[in-house]
Amino acid sequence: MSGEPRTVRGTPLELADLKKGKVFTTAYVPKIQYAWDTGVAIGRYLEELKNGRLIARRCQRCQRTMVPPRMFCERCFRSTDEWVYVQDTGTVNTFSLCYVSWDVRRLKTPEIPAVIEIDGASPGMGIMHVLGKVNPKQVRVGMRVRAVWKPPPQRTGSITDILYFAPIKGKTTKVGTAKKPR
Amino acid sequence: MPNRVAIIGVGCTPAQPTTPYLSFKELMFQEAERAYLDAGIEASEVESFVTCAEDLNEGLSIFDEYTPDQLGAVQKPMHTLTQDGLHGIADAVMQIQSGLVELVVVEAHSKASNILTPEWILDYAVDPVWNRPLGFNPHAIAGLEMNVFLHETGITPDQCAHVTAKNRTNALRNPLAAYPARTAPGDVADSPYAFYPLRETEMARTADGCVVVVLASDDRARAGKSQPVWVRGVGFANDSSTLESRDWIRAEYCRVAAQMAYRQAGIHNPGRDIHLFEVDDTYAYKELQHLVALGLYSRPGDAGRAVASGVTKPNGETPVNVSGGALGMGLTLEATGLYRVAELVAQLRKQAGARQLPHAKVALAQSWRGVPTTSGAVVVLSSE
Ligand SMILES: [Zn+2]
């Protein structure tokens, strides 16, 4: 065997050939739309976001307080029992610094999605959100944060009624001190 | 069928045009609780789970990621089939017969009311290069099929109208039905054409709903507290679906699936050996085409004569879609086949209330995946 790759019969194509229309292609843009029923648990959750509050559900059997709320406990496989309000403060469980946006643009200032363990919910129970008003270099696991809400008239009953979570001044704890999930 | 398998529990919500009060997860949890209670089991005992769902219907990719919590399937074997629920039954039967597990749950649901552009999803199923650019509504495929089906078999539009009339009237006795209505064949003939020769009233309307079925091995079923219904045979098949060259007249996918199920069940004369049929009637003529493919008639034209003379009514010789079918109950997307199964289980357990047939012991459910597909499945059940 020589080191040369075997040549294959065919027509070489480059991007320029495609642009010149040398190859037939078919384009199609689907216009599919949905409107999902939020149901009992998430419906109430969104309603309370509009009120500027976070609400959770408690399972009496495993004693967990679950946020976002759900009407069933996936561990005990039974209906959850009661609504409880939880705080809009919490601890960063994990985060990422995203230097590429969802539409694949390079970002100078990173977006910072994070899972925030909410005060009043069970350990390991958090909500997915983004961090803001923070120097990316100073974000740490275990950092204490608080929700920054939209002004009430601008809230729509959406997870984006919270603009972002921002550090609570002077409350940054050391790496690795976040409570371990059970 | 070696290594017998039984259905030991069913949970199903009434099919309804909309279900705004529950999320799909809450709907599934509710029916899972009902099915496990019916089966006399705890969720923790279930060893494997199958859900049947189509990502495009859900509006969620990789839908199996969204199903374990509400079924009690966390940290357990589970997968999603992009198929009608009857394929899920076949899947569960194979898992149990292989000796892998003894207790399997099959789930399918519909949140059709959440899809704002159902025609676009159908369009997405049509070949993107040489069919989609033509721009016709994909339901036209049913019009094309019905036209040549009637032409070749001699079945008449009036006979097809009897299917709608029968099924929607049957649905009046079914509290689970979304679209019951006392309907006469004349009412159908008066309704406008949608896709000639197909009329509007001959097309099943979509509904929301959820069905959960628990299947068990022979040992497990006989040791349990619930009344088992035995799976005697399962079959599934696809034909070549190319619109330009498909078989428009015979539903070959249904014939092949039925032969597969009949072989396992030892059925030689389906018209005599099977006492009750729940078959796909997404479009009224489909019920007749499927009954022909199931081998009920020596001449295809007999299917039309049978429905017109009442043979397939609940009090007739061969009851078909006593539940109301999809025309009466609503088309519940991937759950459609499981609603057919739920009816058979109720009938074979003698729990069908006002619809109860006195002598049904062996029954058949059949599904079709809708236009533009040639995909179908058959399940044969018996009370003994
Ligand atoms: Zn619990």
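Residues numbered from 1 in each chain as written. Chains lettered and ligands numbered in written order. Predicted model: local features only at pLDDT ≥ 70, side-chain atom pairs only at ≥ 80, totals over all residues. Heavy atoms only, no water.

(A) A look at the nonpolar core. Residue and element names in this part refer to chain B. One finds F277, L294, L364 and V380 to be the most contacted residues of the largest nonpolar core, which totals 53 residues. Broken down by secondary-structure element, the contributors of at least two residues to this core are α6 (140-153), α7 (157-170), α10 (252-265), α12 (284-293), α13 (301-308), α14 (325-329), β10 (362-368) and β11 (375-382). L364 has contacts with Y262, I274, L276, F277, E278, V279, L294, L344, V378, V379 and V380, leaving out every residue within four places of it along the chain. Within the second largest apolar cluster, 46 residues are counted, among which are A92, Y179, L215 and V379. (Core = buried A, V, L, I, M, F, W, Y, C linked by side-chain atoms within 4.5 Å. Buried < 20%, exposed > 50% of the residue type's maximum accessible area, 1.4 Å probe, protein only. Helix = DSSP H or I, 4+ residues; strand = E, 2+ residues; numbered from the N terminus. Contact = heavy atoms within 4.5 Å.)

(B) Quick peek at the sheet that holds strand β5 (residues 82-86) of chain A. Residue and element names in this part refer to chain A. What the 3 strands build is an open sheet, ordered β2-β1-β5; its pairing is antiparallel. Across the chains shown, the open sheet's two edge strands, defined by having one partner strand only, are β2 (64-66) and β5. Pairs of neighbouring strands in the sheet enclose a mean axial angle of 40°, with direction left out of account. In this structure, strand β1 (residues 54-59) lies alongside β2, joined through 3 bridges in antiparallel fashion. (Pairing = 2+ DSSP bridges. Axes fitted to C-alpha atoms, helices over the stretch in contact; angles between N-to-C directions.)

(C) Quick look at the interface of chain A and chain B. Chain A puts 21 residues into the contact, and the matching count from chain B is 36 residues. Of the charged contacts in the structure, one is a salt bridge between D37 of chain A and K111 of chain B, with a shortest N-O distance of 2.8 Å. Of all elements in the fold, only α2 (39-50) and β4 (78-79) of chain A reach the threshold of two or more residues within the side of chain A that touches chain B. Looking at which element gives the most residues to the side of chain A that touches chain B, the answer is α2 of chain A, with 3 residues. The residue inventory of the side of chain A that touches chain B, partitioned by class, reads 12 nonpolar, 5 polar and 4 charged. (Salt bridge = Lys/Arg side-chain N within 4 Å of Asp/Glu carboxyl O. Nonpolar A, V, L, I, M, F, W, Y, C, P; charged D, E, K, R; others polar.)

(D) Examining the domain arrangement of chain B more closely. All names here are of chain B. When the domains of chain B are assigned, the result is domain 1 (5-116 + 207-229) and domain 2 (121-202 + 231-382). Domain 1 and domain 2 are separated by 23 Å when their C-alpha centres are compared. Counting residues at the interface gives 46 residues for domain 1 and 38 residues for domain 2. Together, the buried faces of domain 1 and domain 2 total about 3200 Å²; carbon and sulfur atoms form 67% of this surface. Broken down residue by residue, the surface that domain 1 buries against domain 2 is led by D84, L86 and V229, which jointly contribute 21%. A salt bridge links R369 to E54, with the nearest nitrogen and oxygen atoms 3.1 Å apart. Inspection of the region where domain 1 meets domain 2 yields 13 residue pairs in polar contact (both at pLDDT 80 or more). Counting only elements with at least two residues in the side of domain 1 that touches domain 2, the list comes to β1 (5-12), α2 (55-58), α4 (85-97), β4 (103-110) and β7 (209-217). Class assignment for the residues of the side of domain 1 that touches domain 2 results in 27 nonpolar, 13 polar and 6 charged. (Domains from an automatic or database assignment. Buried area = accessible area lost by both parts, 1.4 Å probe. Polar contact = N/O pair within 3.5 Å; in protein donor to acceptor, adjacent residues only side chain to side chain.)

(E) Structural context of the coordination of the zinc ion. Within the protein, the atoms that donate to the zinc ion are C59 of chain A (SG), C62 of chain A (SG), C73 of chain A (SG) and C76 of chain A (SG), at distances of 2.3 Å. For the zinc ion, the donor residues sit on a single chain with the sequence spacing C-x2-C-x10-C-x2-C. (Donors = N, O, S within 2.8 Å, 3.2 Å for Na, K, Ca; no water.)

(F) Examining the side chain of N170 of chain B more closely. Residues and elements named next belong to chain B. Residue placement: N170 occurs in helix α7. Assessed through its relative accessible area of 4%, N170 is described here as buried. Not counting residues up to four positions away in its chain, the partners in contact with N170 are P314, V320, N321, V322 and G324.

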